[in-house]
Amino acid sequence: LKIVILSRIVDLEAELQVTTRHAVITGGSRGIGLAVAVELDWRGWGVFLISQHRERLAAASASMKHLAGAFAVDLGNGEDAARSAAVAVRGAVGAIDLLVLNAGIFVEEPLIAIQEEAFRRTMAVNLDANLFLAYCCRCSVKESGRES
Amino acid sequence: VIVGSTAAYGAYPPGPAYGVAKWALRGLAVDLRQELKADRIGVTFLAPGGTLTDMWDQDEAPPGPALATQDTALIVAALTELSEQALVAFLLDANRRTGQIGFVSGPGAFDNRSISLPTDFPSSNFLFSRRIRRVVLAQQRAIQPEADLSHTLLRWQRAGVSIMGIALAPDTDVRLPQRITVGRPPLFRNAWYGLMARMGLRPHPLGGFGGLLPHSGGG
């Protein structure tokens, strides 16, 4: 019975997946981002990984079956970094269906003792980069693709 | 999809600046959703609780029981399969459910759009205690509940919970949840089936039925 059901699911997938859907995942070389990439990859999505860690990005990319591309950039470097990533995405996959804004960093310092640099860095990566990447990728996102 | 954190809903002593950024990110998601609505681009803000990732040092662990990274990955994958009109708000919060972290005050206390349930089918008392007065049953096609669900739903209905139903399949007419009246479930096909069905509805000490949801399995 299990075999029958599985083959049915595969058939359904084949019917539904006429065209490959593409996802861009920031922080895609480890943690939640990598898990999302692995899951979508397993489901036949073309995945495009963005990470600031070159070696880990290479390792993560190598483990994907449907890699659409990978781009190493530190998204904490403002709009220019986001734009360079968006250009790489456009070159590799054209239109995308899903943008997973996952990259983030963590600092432990209490707010009243935090160094300006650490605070700005936290905001740059965890907040600013997501906005910049969202609007830099905006014209690449398919309508009624679910996400931004 | 914007991967936020439960740190976007309360104070976050382990990393206050991280928390500030996640609060702001939640605001960004809310406004972005409005702006992109016209373009039919959905924006979803996910708030996973503590997750076992490299972000935590080797000797440290996130406070409370931690989610696996795959939990959030599965939610993201599931989101991509939902219909366009599905409104999504997920909190994946293993910590909040068990009340092990000081800065949150129990399941569902601060966000009435989503809630962590302690059992598969909590009692109506539990629902009321979380100020849940209405339940929407989402099924593929039928609005009326399947027979095995109607036992629990009927109890809720008798206790005063309003039951609504919606069909998810794209070719059905029902686009909005409709009020439904749960009827008495049909008689069991035979005594053995009835016995097995009742055994499947094991009362739980917390109230309601079913087993405890696993800790690391997400909210």
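Scroll up to find the structure this text is about.
Everything numeric here is computed off the predicted structure, so don't read it as measured data. (Residues numbered from 1 in each chain as written. Chains lettered and ligands numbered in written order. Predicted model: local features only at pLDDT ≥ 70, side-chain atom pairs only at ≥ 80, totals over all residues. Heavy atoms only, no water.)

### A closer look at the packing of aromatic side chains
Threshold: Working definition: rings of Phe, Tyr and Trp (its six-membered ring) pair if their centres are within 6.5 Å, and the pair is stacked with planes under 30 degrees apart, edge-to-face with planes over 60 apart, and tilted otherwise. Comment: elements are numbered from the N terminus, with helices defined as DSSP H or I runs of at least four residues and strands as E runs of at least two. The buried label goes to any residue with under 20% of its type's maximum accessible area, the exposed label to any with over 50%, and the partly exposed label to all in between, with areas taken from a 1.4 Å probe on protein chains only. Charge-over-ring contacts are defined here by two conditions on Lys NZ or Arg CZ: a distance within 6 Å of the ring centre and an angle within 35 degrees of the ring normal.
Scanning the entire structure with this criterion turns up four aromatic pairs over all chains. On the numbers, 5.9 Å between centres and 80° between planes, the contact of Phe-132 of chain A with Tyr-135 of chain A is edge-to-face. Of this pair, Phe-132 of chain A and Tyr-135 of chain A are both found in helix α5 (residues 116-137), three residues apart, which corresponds to roughly one turn of the helix. Overall, the relative accessible area of 37% leaves Tyr-135 of chain A in the partly exposed class. The interplanar angle of 40° and the centroid separation of 5.8 Å between the aromatic rings of Tyr-12 of chain B and Tyr-18 of chain B together place this pair among those described as tilted. For the pair Tyr-12 of chain B and Tyr-18 of chain B, one class covers both residues: buried. Members of the aromatic cluster, connected to one another through ring pairs, are Phe-106 of chain A together with Tyr-12 and Tyr-18 of chain B. The lysine or arginine in question, Arg-26 of chain B, covers the ring of Trp-23 of chain B, its NZ or CZ lying 5.1 Å from the ring centre.

### Quick word on the sheet that holds strand β2 (residues 46-51) of chain A
All names here are of chain A. What counts, and what does not: Only strands that DSSP links by at least two bridges are regarded as paired with each other. Simply put, an axis is a line fit to the C-alpha atoms, just over the touching stretch for a helix, and the angle between two N-to-C directions goes from 0 to 180 degrees. We call two residues in contact whenever any of their non-hydrogen atoms come within 4.5 Å of each other.
Spatially, β3-β2-β1-β4 is the arrangement adopted by the four strands of the open sheet, whose pairing is parallel. Strand pairing shows two members of the sheet lacking a second neighbour, β3 (67-72) and β4 (98-100), which therefore form its edges. Averaged over neighbouring strand pairs, the angle between their axes works out to 15° when direction is ignored. Helix-sheet contacts for helix α3 (residues 54-62) involve β2 and β3, and the interaxial angle to β3 is about 175°. Set on the sheet, helix α4 (residues 78-93) makes contact with β1 (22-26), β2 and β3; between it and β3 the angle comes to about 160°.

### Notes on the interface of chain A and chain B
Threshold: Buried surface area refers to the total accessible area, computed with a probe of radius 1.4 Å, that the two partners give up upon joining, counted for both partners together. Any Lys or Arg side-chain nitrogen found within 4 Å of a carboxyl oxygen on Asp or Glu counts as a salt bridge. Asp, Glu, Lys and Arg are counted as charged, while Ala, Val, Leu, Ile, Met, Phe, Trp, Tyr, Cys and Pro are counted as nonpolar; the rest, among them Gly, fall into the polar class.
Listed as interface residues are 41 residues of chain A and, on the opposing side, 44 residues of chain B. Buried area between chain A and chain B, both sides added, is near 3,500 Å², and the carbon and sulfur share of it is 65%. Scanning the region where chain A abuts chain B turns up one salt bridge. Close ionic contact of Asp-39 of chain B with Arg-138 of chain A constitutes a salt bridge, the shortest N to O distance being 2.7 Å. Where the side of chain A that touches chain B is concerned, the elements lending two or more residues are α2 (31-42), β4 and α5 of chain A. No other element matches the eight residues that α5 of chain A contributes to the side of chain A that touches chain B. For the side of chain A that touches chain B, the per-class residue count stands at 21 nonpolar, nine polar and eleven charged.

### Concerning the sheet that holds strand β6 (residues 162-167) of chain B
Residues and elements named next belong to chain B. Ordered in space as β5-β6-β7, the three strands form an open sheet in which the pairing is mixed. The strands lining the two open edges of the sheet, one partner per strand, are β5 (134-139) and β7 (178-179). The pairing of β6 with β7 spans two bridges and is classified as antiparallel. Bridged to Gly-165 within β7 is Gln-178.

### Notes on the pairing of β6 of chain B
Here is the key point about a regular strand: its side chains alternate between the two faces of the sheet. Residue and element names in this part refer to chain B. Among the six residues that make up β6, six are buried, leaving the element largely enclosed by the rest of the structure. Covered by surrounding structure in β6 are Ser-162, Met-164 and Ile-166 together with Ile-163, Gly-165 and Ala-167, the residues of both alternating faces. With six bridges joining them, β5 and β6 adopt parallel strand pairing. Across the sheet, the residue bridging to Val-136 is Met-164, located in β6.

### Thoughts on the packing of α4 of chain A against α5 of chain A
Residues and elements named next belong to chain A. Convention followed: These descriptions rest on fixed angle ranges, namely under 35 degrees for roughly parallel, over 145 for roughly antiparallel, 65 to 115 for roughly perpendicular, and the rest for oblique. In a left-handed crossing the near helix is turned counterclockwise from the far helix by less than a right angle, and in a right-handed crossing that turn is clockwise.
Contact geometry for α4 and α5: axes closest at 8 Å, N-to-C directions at 40°. As far as their axial angle goes, α5 and α4 are oblique. Pair α4 / α5 crosses with right-handed handedness. Listed contacts from α5 to Gly-78, Glu-79, Ala-82, Arg-83, Ala-85, Ala-86 and Arg-90 of α4 are Phe-132, Leu-133, Tyr-135, Cys-136 and Cys-137. Taken together, the residues of the contact of α4 with α5 break down into eight nonpolar, one polar and three charged.

### Quick word on the nonpolar core
Burial of nonpolar side chains together is a common tendency in soluble globular proteins. So the rule is basically this: Buried Ala, Val, Leu, Ile, Met, Phe, Trp, Tyr and Cys residues that are joined via side-chain atoms within 4.5 Å together make up what is termed a nonpolar core.
Counting residues in hydrophobic clusters, the biggest one holds 35 residues, and the most contacted among them are Ile-50 and Leu-133 of chain A together with Phe-45 of chain B. Listed by contribution, the elements that provide at least two residues to this core are β2, α4 and α5 of chain A together with α1 (16-37) and β2 (45-48) of chain B. Looking at this core, the element that brings in the most residues is α5 of chain A, giving eight residues. Setting aside anything within four residues of it in sequence, one finds Leu-133 of chain A in contact with Thr-26, Ile-50, Leu-75, Ala-82, Ala-85, Ala-86, Leu-99 and Leu-101 of chain A. If you look at the next biggest cluster of nonpolar residues, it comprises 23 residues, including Leu-57 and Ala-60 of chain A together with Leu-46 and Ala-77 of chain B.

### Thoughts on the environment of Leu-127 of chain B
Following the sequence through the fold, Leu-127 of chain B ends up in helix α4 (residues 124-129). Excluding its chain neighbours within four sequence positions, the residues that come into contact with Leu-127 of chain B are Pro-122, Ile-132, Val-135, Trp-156 and Val-161 of chain B.

Function cannot be read off these values alone, since they describe shape.
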